[in-house]
Amino acid sequence: MPLPFEKPIDELEARIRDMRGYADDQHVDLSGEIAALERRLASLTRETFAKLSRWQRVQVARAAGRPTALDYLGKVVEGFTELHGDRALGDDPALVGGVARLGDMGVVVLAQQKGRDTKENILRNFGMAHPSGYRKALRLFDLADKFRLPVLSLIDTPGAYPGIAAEEQGQAWVIAACIQRMSRLRVPAVSVIIGEGGSGGALALGVANRVLILEHAIYSVISPESCAAIRWRDAAEAPSAAEALKLTADDLLEQGVVDDVVAEPLGGAHKDPAGAIDLVRAAVEREFAALRDVPSEVLMRERRARFRRMGRFLEAA
Amino acid sequence: MALERWFRRKRPTRGDDEVSPAGLWLKCAGCMAQIYRKDLIANLYVCPECAHHERMPVDARVAMLADEGTFELWSGRVTPTDALEFVDTEPYVERLVAVQQKTERPDAIITGAAELDGVPVALAVMDFSFLGGSMGSVVGEEIARAAERAAAESRSLISIAASGGARMQEGALSLMQMAKTTVALEALSERRLPFISVLTDPTTGGVTASFATLGDLVVAEPGALICFAGPRVIQQTIKQDLPEGFQRSEFLLGKGMLDDVIPRGVLKARLAVLVRLLRAGLDGTADDGAAAPLRLTTESITTIADELDESAATSAADDADEAAAAEDREREEAPNRATPV
Ligand SMILES: [Zn+2]
């Protein structure tokens, strides 16, 4: 399903496909026409994406076909071995973790995993972790420290799950504990917001030395829909809420919440997953290369300082 | 300039004249009994009939906790700014100005130094009446500074949480306050100074999911709503009825999430005891940066015992009436407050 504003792009793509098919079937040379259409497609896509509203960005961040955490982990790191369970309550498929190789380093990886189809979405609870997921993260942070393995986290969640069991098992407590535990890592940590960075459930994996965000990903204290329901008393005002929340990659860079924006292929990561994955891999390698020789005391101190600085306020002279 | 008012070091009083100018009689949200306002205030905003804990004004809270004349205000130098130029049905700046004028505070918190039964502490008290006690950049900064200054002055930190969560008008910057407050607490940890977090009605969202549950001890007042996601959000998500007492202090105590539920009448005495005990454990000779221990003297222990005895009556009454007080009061929609009659 194309996003509403993608319809003209998709129609043009379909025309190009048809024309290619026709050229092949009929053995006629339409390469000139096809090339012209492709140029039109590129400029149409560029124009469309250059003026996306914040609400449209939210839709891109959530688009079907956008690579999920496991899609990235298949290529960004080598030999990802998933490690299951929190050693107390169970194994939460919404938050995956494990060990892998990145270049010549071993790394611990953690990520929220959304489903790639309805069936997987149900299994993964739409990427909304329960306390068990965050407890798994806590134990893997310990593992990372013990074996001096840098931590890579990929963030993609609408938020931590709001449910009865989640509350009973201390959702707030484990998120706070993750924030604290991650801030105390003695190893380099890099986070990449690949889709939706939904509130505290996202931040629980986001207390890194370097926080990157994909061009069309978002990071917000609350979803535009919930914000609209509370502040406008009307969930249909989500586009207004998205504007007000300033939740796009550029907004967050300006606010100092993220350190860098990773460009996506033209038309968004969902149009070219392989291209997006390559770009993320290059960015992650670059970040770890800059951090790998930094002493652990400095890593901890700088990570703490990074978050201690957050916020905007006025100070009386 | 309104700013000057905030720097004025007003010694908190029992708060008699600081409540809303409504009638002399109030209807308790717990038992519906009509209570004489002065009785409610004299009883620390706890219903004398059913022990229902009303939300307490910040100044009254400080007066209740701090030994007389010991409170020194730290907060107030930082003031909020509308970094996102946030507008919903009304601009954030206008909401801020209105509530600043109403509360005479720059934001939803006060912090300061105090003594609690002679124990040096720093207090951070959130103000629910200021935009629902929401945590934006200023609240986060005040908490961080309070933790750091407490550490520098060898004080334990006691926070009184009352918050609807992160302040969404400050967007991701408010989300970041969860991490900021968390990392600032390290200053206390490094000096092995206790941080005791008191959760009061209500403590929700980003405040629950950050510093407020990271206390060395986490305690709550009776009947407080304490949660990550609010009951309405959960109900809308799962479309089921919620269990009896769900997300209330006593429920969470049973789930193992709290160290204790402490009635307001004994809160000060218990906090003083707990800080004394936690700080008595170190011999002060370790060269790991730990603060000097507080010696437990016979005198201090006797004082502790007396105060606990004195408040035992109130405490028992609270416990007996807990079930009645815990009835569903639709607190989230219609706040859990006594209403004028
Ligand atoms: Zn009552």
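Given the structure is predicted, the values throughout are model-derived calculations rather than measurements.

1. Concerning the overall build of chain B
Point 1. For chain B, the helix and strand inventory stands at 13 helices and 11 strands.
Point 2. Counting across all 341 residues of chain B, residues that qualify as buried make up 52%.
Point 3. Summarising the internal contacts of chain B: among those between residues at least 6 apart in sequence, 72% fall at separations of at least 24.

2. Here we look at the overall build of chain A
Point 1. From N to C terminus, chain A includes 14 helices and nine strands.
Point 2. A compact globule built from 317 residues would reach a C-alpha radius of gyration of about 20 Å, and chain A, at 21 Å, matches this within 12%.
Point 3. For the C-alpha atoms alone, the extent of chain A along its principal axes is close to 65 × 50 × 45 Å.
Point 4. A burial count over chain A gives 52% of its 317 residues as buried.
Point 5. Nonlocal contacts in chain A, meaning residues at least 24 apart in sequence, comprise 72% of its contacts between residues at least 6 apart.

3. Remarks on the sheet that holds strand E7 (residues 156–163) of chain B
All names here are of chain B.
Point 1. The mixed open sheet is built from seven strands, whose spatial order is E3-E5-E6-E7-E8-E9-E10. Single-partner strands in this sheet number two, and they are strand E3 (72–73) and strand E10 (260–261).
Point 2. The sheet contact formed by strand E6 (residues 119–126) and E7 spans five bridges and is parallel. Looking across to E7, one finds that Ala 124 is bridged to Ser 159.
Point 3. Contacting strand E5 (109–116), E6 and E7, helix H3 (residues 58–65) crosses the sheet at an angle of about 165° to E6.

4. What about the interface of chain B and chain A?
Point 1. Taken together, the contacts link 51 residues of chain B with 43 residues of chain A.
Point 2. For the side of chain B that touches chain A, the element with the most residues is helix H6 (residues 171–184) of chain B, which contributes 13 residues.
Point 3. Taken together, the three bridges between strand E9 (residues 313–315) of chain A and strand E4 (residues 78–80) of chain B define a ladder with antiparallel strand orientation. Its bridge partner being in E4(B), Leu314(A) is matched across the sheet by Thr79(B).

5. Things to note about the nonpolar core
As a rule of thumb, nonpolar side chains are buried together in soluble globular proteins.
Point 1. One finds Cys178(A) and Ala147(B) to be the most contacted residues of the largest nonpolar core, which totals 177 residues.
Point 2. In this structure, Ala147(B) is in contact with Leu157(B), Ala184(B), Leu185(B), Ala187(B) and Leu188(B), ignoring residues within four places of it in sequence.
Point 3. Counting 14 residues, the second-largest nonpolar core is a separate cluster that includes Leu26(B), Leu40(B), Leu44(B) and Ala51(B).

6. Topic: the domain arrangement of chain A
Point 1. Under the domain assignment used here, chain A contains domain 1 (4–51) and domain 2 (58–308).
Point 2. Relative to domain 2 of chain A, the C-alpha centre of domain 1 of chain A lies at a distance of 35 Å.

7. Concerning the environment of Gly136(B)
Residues and elements named next belong to chain B.
Point 1. Looking at the secondary structure, you find Gly 136 in the loop between E6 and helix H5 (137–152).
Point 2. For the pair Gly 136 and Gln 169, spaced 33 residues apart in the sequence, the C-alpha separation amounts to 8.1 Å.
Point 3. In contact with Gly 136, other than residues within four places in its own chain, are Pro 80, Arg 167, Glu 170, Ser 174 and Gln 177.

8. Considerations on helix H6 (residues 131–146) of chain A
Point 1. Taking 1.5 Å of rise per residue, 16 residues should cover 22 Å, and H6(A) covers 23 Å from first to last C-alpha, within 8% of that figure.
Point 2. Directly beyond the C-terminal end of H6(A), a positive phi value near 55° is found at Arg148(A).

9. Regarding unusual backbone geometry
Residue and element names in this part refer to chain B.
Point 1. Between Asp 201 and the following residue, Pro 202, the backbone shows a cis peptide bond with an omega angle of -15°.
Point 2. Relative to the elements of secondary structure, Pro 202 occurs in strand E8 (residues 195–203).
Point 3. Backbone geometry places Met 32, a non-glycine residue, at a positive phi of 70°.
Point 4. For Lys 239, which is not glycine, the phi dihedral falls at a positive 50°.
Point 5. With respect to the helices and strands, Lys 239 occurs in the loop between helix H9 (231–238) and helix H10 (249–254).
Point 6. Judged by the 7 C-beta atoms lying within 10 Å of it, Lys 239 falls in the exposed class.

10. Some points on the pairing of strand E9 (residues 217–220) of chain B
Residue and element names in this part refer to chain B.
Point 1. Across four bridges, E8 lies against E9 in parallel orientation. If you follow Ser 197 over to E9, its bridge partner there is Val 218.
Point 2. Across two bridges, the pairing between E9 and E10 is parallel. By the bridge assignment for E10, Val 219 is matched with Asp 260.

11. Brief notes about the pairing of E8(B)
All names here are of chain B.
Point 1. Burial runs high along E8: nine of the nine residues are buried.
Point 2. Bridging between E7 and E8 involves six bridges; their strand directions are parallel. Bridged to Ser 159 within E8 is Ser 197.

Each value, and the rule that gives it
Residues numbered from 1 in each chain as written. Chains lettered and ligands numbered in written order. Predicted model: local features only at pLDDT ≥ 70, side-chain atom pairs only at ≥ 80, totals over all residues. Helix = DSSP H or I, 4+ residues; strand = E, 2+ residues; numbered from the N terminus. Buried ≥ 20, exposed ≤ 12 C-beta atoms within 10 Å, placed from the backbone. Contact = placed C-beta atoms within 7 Å. Rg over C-alpha atoms; globule rule 2.2 N^0.38 Å. Pairing = 2+ DSSP bridges. Axes fitted to C-alpha atoms, helices over the stretch in contact; angles between N-to-C directions. Core = buried A, V, L, I, M, F, W, Y, C linked by C-beta atoms within 7 Å. Domains from an automatic or database assignment. Expected span 1.5 Å × (residues − 1).

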